[in-house]
Amino acid sequence: MKTSLVKTSLFALALAASFGASASAQTVNLRYLCYADGNECDVSRDLLDRFEKANPNIKVTVDKVGFAVIREQLETRLQGGEAPDMARVTNLGGLNKYYLDLRPYINAAYWENNFATTLPWMRVGKDDKGIYGWMTQLTVTGPFVNKTMFDQTGVKMPGAGATWDDWAKATAEVQKKGKVYAGMVMDRTGHRFAGVAISYGAKYFDANGNPSAVVDDGFKAVSERMVQWHKDGLMPQDLWPGASGAKWKNAGDMFINGDVVMQIAGSWMIQKFQSDIGDKFEWIVPPQPCGPAGCSAMPGGAAMVGFKATKHPAEVAKVMEFMVSESVLKEYYERTVQIPAHKGLAEKGLNYGKDVGPETQAALKQFTADFAKISPVAHQLQSYQRNVAIFNATVNYVAQAITGTLTLPQAYAKVQEEIDNAVKK
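Counting starts from 1 at the beginning of each chain's written sequence and moves along it residue by residue. Given that the model is predicted, a residue must reach a pLDDT of at least 70 before its local features are reported, and side-chain atom pairs must reach 80 or more before they are shown or counted; all residues, however, enter totals for whole chains, interfaces and linings. The side-chain quantities take in all heavy atoms of the structure and omit both hydrogens and water.

**Some points on the state of the cysteines**
Consideration 1: Throughout, disulfides are identified as pairs of cysteine sulfur atoms within 2.5 Å of each other. Summed over all chains, the structure comprises two disulfides.
Consideration 2: Each disulfide pairs two cysteine sulfurs, and for Cys34 the partner residue is Cys41, the sulfurs being separated by 2.1 Å. Between Cys34 and Cys41, the disulfide has an S-S torsion of -95° and is therefore left-handed.
Consideration 3: Partly exposed residues are those whose accessible area sits between 20% and 50% of the maximum for their type, while under 20% is buried and over 50% is exposed, using a 1.4 Å probe and protein chains only. With a relative accessible area of 1%, Cys41 lands in the buried category.
Consideration 4: Each sulfur in the disulfide pair Cys290 and Cys295 lies 2.0 Å from the other. Its torsion about the S-S bond being 90°, the disulfide of Cys290 and Cys295 is classed as right-handed.
Consideration 5: Judged by relative accessible area, which is 7%, Cys290 ranks as buried.
Consideration 6: Sequence-ordered numbering of the bonded cysteines in the chain yields a pairing of 1-2, 3-4.

Below, the structure is given as structure tokens:
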């Protein structure tokens, strides 16, 4: 009898151990590499906690990293076979060859209907119909203005339809009267430059859709202004001349600290300005300044994508489907204070809540209005696979023209040469 009990107990323990091992083996662990401008990764973590509760066999680790890791290291990791299962990326078309096509696992019609504008940003070529991810952040470039400085100096603020030259003149006047360090500053990236250039007529692509003559009259018009604005002291030496190569630099801290009248950045800075500026001064987002060819911003943003190197494509797709479900996505956009990239939510509108101040509400409204005015050229540039090469060449060589290392004609030649070399690869 005793021997029988022992055998029964051992069998029960073996069965339990076997069951436990089986359950453990069935648990899928995914990694999501995430950077944040504000609270995007934290909100994602909170929502994924709910996903895990509903799907106990799938665990998602959110690896929160700085933007430089995404911008400068992720592609190297992908090339080296060290891909996470998912990541939040901004080089949308440039990383296309690493993406997981989600279509076999998702309701593709829902995605096509609600993300029709932005799905092409992650595709390459007209034959690419893949669905690779969704926009966690839909952004619009544009200026932020320190309204308090205008009020204190008595300078009249330019209104709707004002040109970039009008704004340069007005901010220079505020800078002088208010003894401000700088009048205008542009984030150190060719992406911000492009919106202004397109407003001055830059086409970026030839009739065949190739960037064979990027340096046209519109591109030159803004390059000349950038050189002159730095020479005049309107723009500071800290940003474009203050780094080498294509190094990206954000001018947000200058604006927050009251060192500049206007920062040319974009809608992703709204949440940071609300929290970091507080009631130190009043800031606004004016209507997009114009050039002779229009008043275009550059679209952009960050997408959550899956990678085809994952061992668990179905589970990755399940996470994606959960995140883009309308109720979850509505909460995500509202809590992260984003412009919705989902057609249905954009039509219904979002409620950003009482914690979002009137300045932020007004800024979101203005950027949403500016999105509708974006030039087709800007959309084409945003969806171009090698747009990073264009942006990097721009900032690298225009900056050298600003410092005097190159003349503008020399810089123009270098810009096109670098783009041509990138296209050949």
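**Focus: the packing of aromatic side chains**
Consideration 1: For this analysis, a ring pair means two rings from Phe, Tyr or Trp (six-membered ring only for Trp) whose centres lie within 6.5 Å, classed as stacked if their planes differ by under 30 degrees, edge-to-face if by over 60, and tilted for the remaining angles. Going through the model one piece at a time under the given rule, you end up with 20 aromatic pairs.
Consideration 2: Judged by centre distance (6.3 Å) and plane angle (75°), the rings of Tyr204 and Phe219 are edge-to-face. With Tyr204 in the loop between helix H8 (190–199) and helix H9 (217–231) and Phe219 in helix H9, this pair connects stretches of sequence that are 15 residues apart. Neither Tyr204 nor Phe219 differs from the other in exposure class; each is buried.
Consideration 3: With 5.2 Å between their ring centres and 70° between their planes, Phe205 and Tyr384 make a pair best called edge-to-face. Placement of Phe205 in the loop between H8 and H9 and of Tyr384 in the loop between helix H16 (376–383) and helix H17 (387–403) is noted, with a sequence separation of 179 residues between them.
Consideration 4: Here Phe205 falls in the buried class, since its relative accessible area comes to 11%.
Consideration 5: Taking the ring centre of Tyr35 as reference, the NZ or CZ of Arg88 above it sits at 4.7 Å. In this description a helix means any DSSP run of H or I spanning at least four residues, a strand means any run of E spanning at least two, and both kinds are numbered starting from the N terminus. Note on geometry: a ring has a charge over it if NZ (lysine) or CZ (arginine) is within 6 Å of the ring centre and within 35 degrees of the ring normal.

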